[in-house]
Structures are given as structure tokens and as C-alpha cells.
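Coordinate analysis (summary)
Now for the letters of each chain:
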Amino acid sequence: MDRDILIHNYFHQKLSDEEQVALNELLENDPEFKATFELEKDLNTVLIDTGKEHLKQQFVDFENQEYEPQSETSFPSFLKYAIAACVIIGLSVFASKYFIDTTNTDDLFAENFAAYRNIVLPIERGEGIDTPQEEAFFKYEMKEYTAAIKGFEAEFEKTKEPYYLFYMANAYLALNETKQAISLLEKHQNFKDDFYEKSRWYLALAYLKEKNKEKSVMLLEEISTGDGYNNKEAGTLLNAIR
Amino acid sequence: MKNEPSITTLRTGDPVAYQVIYEGYRDAFIGFASKYDIQQDTILDVYQESMLALYENVMSGKVKDFSSSIKTYLFGIGKLKLYEQLRAQKKMVLVDDFPEQGEIEEIETMELTSQQKALKKHFQNLGDRCRNILELFYLNGLRIKEIMIAANYENENTVKAQKSRCLKQLKTMMNPQNYG
């Protein structure tokens, strides 16, 4: 019996009766196995403890960011605020006049882009990966985008399922290879499958990343006036671009 | 919260899944606890401690499934912790608001033994690749093949050999007498 499978199943409560018997026998008759097993049990406890510390820090950071009390101004003065407001308005007018075309499209892209989650074949960790399709989506979930693209390409060749184009494009966007992403998303638009609307949103983002504002704005206007995927986000993004 | 994360997802230790729960039930818990004469900071501490107990119980396998929902389970732990807090401050409480101790299996969190504390220190001194492979296997529950894909190993045998080397390294760093 494979030792790693036995240990994995023990720690993740998946031991079969047969495996439980095998484990008990090893613990009884193999002192070296028993010693390593004790180390592994302690390691598991230590890792959970470290995980708790990270989680605690994550909650504290969240509270500090989201619910940080506003610092009080010791000397609020109308004049001070009025001057500040004038300066801000003045700068904005100046900026809108001279710098509008340099709006940082990279920043807007970064704020709005997140590789679309895997809803085709969600992978349960520890349940095993049996098919090339599962392997490709697992790589995508683990952000191994280059490897995922390779897998998706092979699967698309075999099955011609259009969603592979959509996920390939997402992987390319995550890798900052925007031209390939645009070409795939434009191709994907012809299929009008379940991912069609999502694909339009990602295409608008890809155009933005390529600094093709005209095409991006056109698409975002269409999305924001409809009631489909990310229509509200499209409106917000349009305002930010303008 | 419409869709609570599944126990399978929680078992992987995914911090995002725990954050979703934390944010999803934070205000409701504060709302409940605010009925009592207890400071906001203390309520937040109790809520965070309850989340950590949830994490520990899921990751260690003490909880195999939630009989009703994660919310019920989390609030069960939280209420017991609040009750303890109020009792320590000798404040009056409505007993009906609080579950019996037996309804929640474990609210006491574990304390590391001195040997485990030493192990924790040595683990931090391992190289990145070792820490990563051991975490993926012993904490996140990835199988050998999954680690091969996730961490870009050439094949499953390389993963097995590397994991074994890292474990051995850890064993050597500890006083070998501790583990046989």
C-alpha cells in the first residue's frame, strides 16, 4: 500500500476500513514508520496553528482597512476646506484638459480584471485529477496560466467547445499577453454560447489594456445599457475612462 | 449569505473562503452581542476567536460536516465564548440565548506542546520549496499528483522524493530522539 496515500487519507479523514487496518499494523510493527508518523502529526498541528495566525492577521488587516476610525481634524476651518476644494477643482480642470488621453488604462484594467473563475469543472482539492480536461482547469485554478493554455488548446482541438477560447483568453490576459486574448475573445464572440456576455466584458477590458479606448468605450456602452453580466461595472468603468 | 462555502473548500484552508464567512456574518454577530453589556472591541475579539476555532475544527477534522449551517455552528461557538466572557465579568445573562456546552463539540483551541513549538521554529527555517510542498500535502490536502501540477514538478516520483527529503531534514533539525 502506498505510504503517501495512506498518510494523506489519514490526515484528511478519508481512510477506508482496509487502510485503517494497514495503518494500525504499520504503527505496531514498524518503529521507523511510527516515529515519522508522530512527526507528521505534530507537523499537521503546527501548520494548522500557523494557518490560524495568518487568518487572525487577515481579519485584523480587514478591520483596520474597512473600519478604521476617521482621524479627527484639530482645527477645521471653512476657509481651509474652500481653498483645498478650489485647488482640487483647478487641478482637475487642468488635468482633464491636458492629460485626459494619458488616463492610465493599465491601472483601470488592473482594478477591473480578475481571471474568470472556473465554473466548467470546479476541482475539489484532494479528490484526484483523472482527465486532461481536469488537469487543464486545475492548472488554471492554480494560476499556472501558461500550462493551462496548453491544456485548453489541446482540449479545444478535440472537443471544439467554445468555452475553451474564453478561458484561454482569460489566461492570456492574466499573463499580460493582450493581443492573443483579443484575438481569442473576438473569435469566441461568434459562438454566442453561455459565456457570450462575459466574453464581451473581458473583450472591453482587453481593448482598454491595448489602449484602444474607442472600441472599449463602444463595447462598454452596449454592456452598460443592457441588463447582462457586469452591466453596472461597465457603467462605472465608462465614467472612470471619461 | 446565500451560498456558504462547502466543507471541502474549507478543508483546503482557502483564506478567501474564511474571509467570505467572516465578512458575511460579522455584522449579525455584533448585532446579537450588542444586546449585552460588553464592549465592541471585546465582541470583535470573540468573533475572531470563534472564526479561528471554526478553522481549527475543520482543518483538524473535528468537524466533518455541519449539521445545519456554518452560521449556526459559528454562532454556537461565539455565543459560548460570549457567555464565558460575561460570566467572568459577573454580568447578568439570559441563559436561553446561549447553547448548552454539549451542543458544540469543541470550543477550546489547542495549545502547542514544547516539542511542537520547536518544530514550528524549525519549519520556518526550511527552504521555500520544502515549506511549500509540506504545506500543500499536510495542510491543504493536495495529493501527490496535484502537487506535481500545482508546484511544477516533473513527475510524481520527484514530488514523493522531495517531500521525503524535506521531512527528513525537519527530523534532523529536531532532536532526533524526539521522533524515534
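Cut-offs used in this document
The residue count restarts for each chain, going from 1 along the sequence in the order it is written. As a convention, the first chain written is A and the first ligand written is 1, with the rest following in written order. With the structure being a predicted model, the display of local features is reserved for residues of pLDDT at least 70 and the display and counting of side-chain atom pairs for 80 or more, all residues being used for whole-chain, interface and lining totals. Only hydrogens and water are set aside; all other atoms, that is, all heavy atoms of the structure, feed into the side-chain values. Only DSSP runs of H or I reaching four residues or more are called helices, and only runs of E reaching two or more are called strands; each is numbered from the N terminus. Throughout, exposure labels follow a simple rule: accessible area from a 1.4 Å probe, protein chains only, divided by the maximum for the residue type, with under 20% read as buried, over 50% as exposed, and the rest as partly exposed. Note on definitions: a residue-residue contact is assigned when non-hydrogen atoms from the two residues lie within 4.5 Å. To measure how exposed things are, a 1.4 Å probe is used in the Shrake-Rupley method; for residues, cover is taken only from the protein chains shown. Disulfides are defined as cysteine sulfur pairs within 2.5 Å. Put simply, buried area is how much 1.4 Å-probe accessible surface two parts lose in total, over both of them, once they are put together. The salt bridge criterion pairs a side-chain nitrogen of Lys or Arg with a carboxyl oxygen of Asp or Glu, the two atoms within 4 Å. Nonpolar residues are Ala, Val, Leu, Ile, Met, Phe, Trp, Tyr, Cys and Pro. Charged residues are Asp, Glu, Lys and Arg, and all others, Gly as well, are polar. Classification of ring pairs uses Phe, Tyr and Trp, with its six-membered ring standing for Trp, and accepts pairs whose centres are within 6.5 Å; under 30 degrees between planes counts as stacked, over 60 as edge-to-face, and the remaining range as tilted. We call a charge positioned over a ring when the NZ of a Lys or the CZ of an Arg lies within 6 Å of the ring centre and within 35 degrees of the ring normal. Take the buried residues of types Ala, Val, Leu, Ile, Met, Phe, Trp, Tyr and Cys, join any two whose side-chain atoms come within 4.5 Å, and each joined set is a nonpolar core. Axes, fitted as lines to C-alpha atoms, cover a helix only where it is in contact. Angles between the N-to-C directions of the axes lie from 0 to 180 degrees. Note on terminology: angles under 35 degrees are roughly parallel, angles over 145 are roughly antiparallel, angles of 65 to 115 are roughly perpendicular, and the others are oblique. Helix crossings get a hand from a simple test, with the near helix turned counterclockwise from the far one by less than a right angle marking a left-handed crossing and a clockwise turn marking a right-handed one.

A word on the overall build of chain B. Scanning chain B for helices and strands turns up eight helices and zero strands. Helices and strands appear in chain B in the N-to-C order α-α-α-α-α-α-α-α. Scored against the burial criterion, the 180 residues of chain B give a buried share of 48%. In chain B, 61% of the contacts between residues at least 6 apart in sequence involve partners at least 24 apart.

Attention shifts here to the overall build of chain A. Scanning chain A for helices and strands turns up 12 helices and zero strands. Listed N to C, the secondary structure of chain A is α-α-α-α-α-α-α-α-α-α-α-α in terms of helices and strands. Going through the 242 residues of chain A one by one, you find that 40% of them count as buried. If you take every contact in chain A between residues at least 6 apart in sequence, the share linking residues at least 24 apart comes to 50%. Surface accessibility of chain A: about 14000 Å² in total, with carbon and sulfur atoms responsible for 52%.

All names here are of chain B. Within the structure shown, the criterion is met by one disulfide over all chains. Across the disulfide, C130 is cross-linked to C166 (sulfur-sulfur distance 2.1 Å). One quick way to see it: the torsion about the S-S bond of C130 and C166 is about -85 degrees, and its sign makes the bridge left-handed. With C130 in helix α6 (residues 128–139) and C166 in helix α8 (residues 156–173), this pair connects stretches of sequence that are 36 residues apart. C166 carries the same exposure label as C130, and that label is buried.

Here the focus is the interface of chain A and chain B. How big an interface is tends to be expressed through the accessible area that disappears when the partners come together. Facing 47 residues of chain A, the contacting portion of chain B comprises 53 residues. For the chain A and chain B pair, buried surface summed over both sides reaches about 4800 Å², with 62% attributable to carbon and sulfur atoms. Across the contact surface, chain A and chain B share eight salt bridges. Note that R26(B) is salt-bridged to E63(A), the shortest N-O span being 2.7 Å. Secondary structure elements with two or more residues in the side of chain A that touches chain B: α1 (3–11), α3 (31–66) and α6 (132–141) of chain A. With 25 residues, the top contributor of residues to the side of chain A that touches chain B is α3(A). Here the side of chain A that touches chain B is composed, by residue class, of 17 nonpolar, 12 polar and 18 charged.

Moving on, we get to the packing of aromatic side chains. Inspection of every chain in the model, using the stated rule, returns 36 aromatic pairs over all chains. Between the aromatic rings of Y116(A) and F195(A), the centroid separation amounts to 6.3 Å while the plane-to-plane angle is 85 degrees, which identifies the pairing as edge-to-face. With Y116(A) in the loop between α5 (105–112) and α6 and F195(A) in the loop between α9 (178–189) and α10 (196–209), this residue pair connects regions lying 79 residues apart in the sequence. The ring of F75(B) carries K71(B) above its face, with NZ or CZ at 5.4 Å from the centroid. A cation sits over an aromatic face here: K79(B) above F32(B), 4.9 Å from the ring centre.

Next up on the list: the nonpolar core. Formed by 117 residues in total, the largest nonpolar core has its most connected members in L54(B) and L134(B). Of the residues forming this core, the biggest block, 11 residues, is contributed by helix α3 (residues 40–59) of chain B. Other than its neighbours up to four places away in sequence, L134(B) contacts L43(A), L47(A), F123(B), L126(B), L139(B), K163(B), C166(B), L167(B) and L170(B).

The subject of this paragraph is the side chain of N57(B). Position of N57(B) relative to the elements: it lies in helix α3. You can call N57(B) buried: its relative accessible area is 2%.

Okay, the environment of L55(A) next. Looking at where L55(A) falls in the secondary structure, it is placed in helix α3. Sequence-distant contacts of L55(A), defined by excluding residues within four places in its chain, comprise P15(B), Y18(B), L52(B) and Y55(B).

Here we come to the packing of α3(B) against helix α4 (residues 70–88) of chain B. Residues and elements named next belong to chain B. α4 packs onto α3 with a crossing angle of 130 degrees between their chain directions and a minimal axis gap of 9 Å. Classified by the angle between their axes, α3 and α4 sit oblique to one another. Where α3 crosses over α4, the two elements pack in a sense that is right-handed. Contacts between α3 and α4 pair T42, V46, Y47, E49, S50, M51, A53, L54 and N57 from the former with I70, Y73, L74, I77, G78, K81, L82 and Q85 from the latter. Looking at the contact of α3 with α4, its residues break down into 10 nonpolar, five polar and two charged.

This part covers the pattern of salt bridges. Opposite charge on two side chains allows them to pair when their charged atoms are near. Taken as a whole and judged by the stated rule, the model has 19 salt bridges over all chains. Note that K160(B) and D2(A) form a salt bridge whose closest N and O atoms lie 2.6 Å from each other. Residue K160(B) is found in helix α8, and its partner D2(A) is found in the segment before α1; the two belong to separate chains. The partly exposed category is assigned to K160(B), whose relative accessible area is 24%. Ionic pairing is found between K120(B) and D49(A), a salt bridge with its closest N-O pair at 2.7 Å. One end of the pair, K120(B), is in helix α5 (residues 114–124); the other, D49(A), is in helix α3, on a second chain. The burial state of K120(B) is the same as that of D49(A); both residues are buried. Each of D2(A), D4(A), K160(B) and K163(B) takes part in a single network of salt bridges with overlapping partners.

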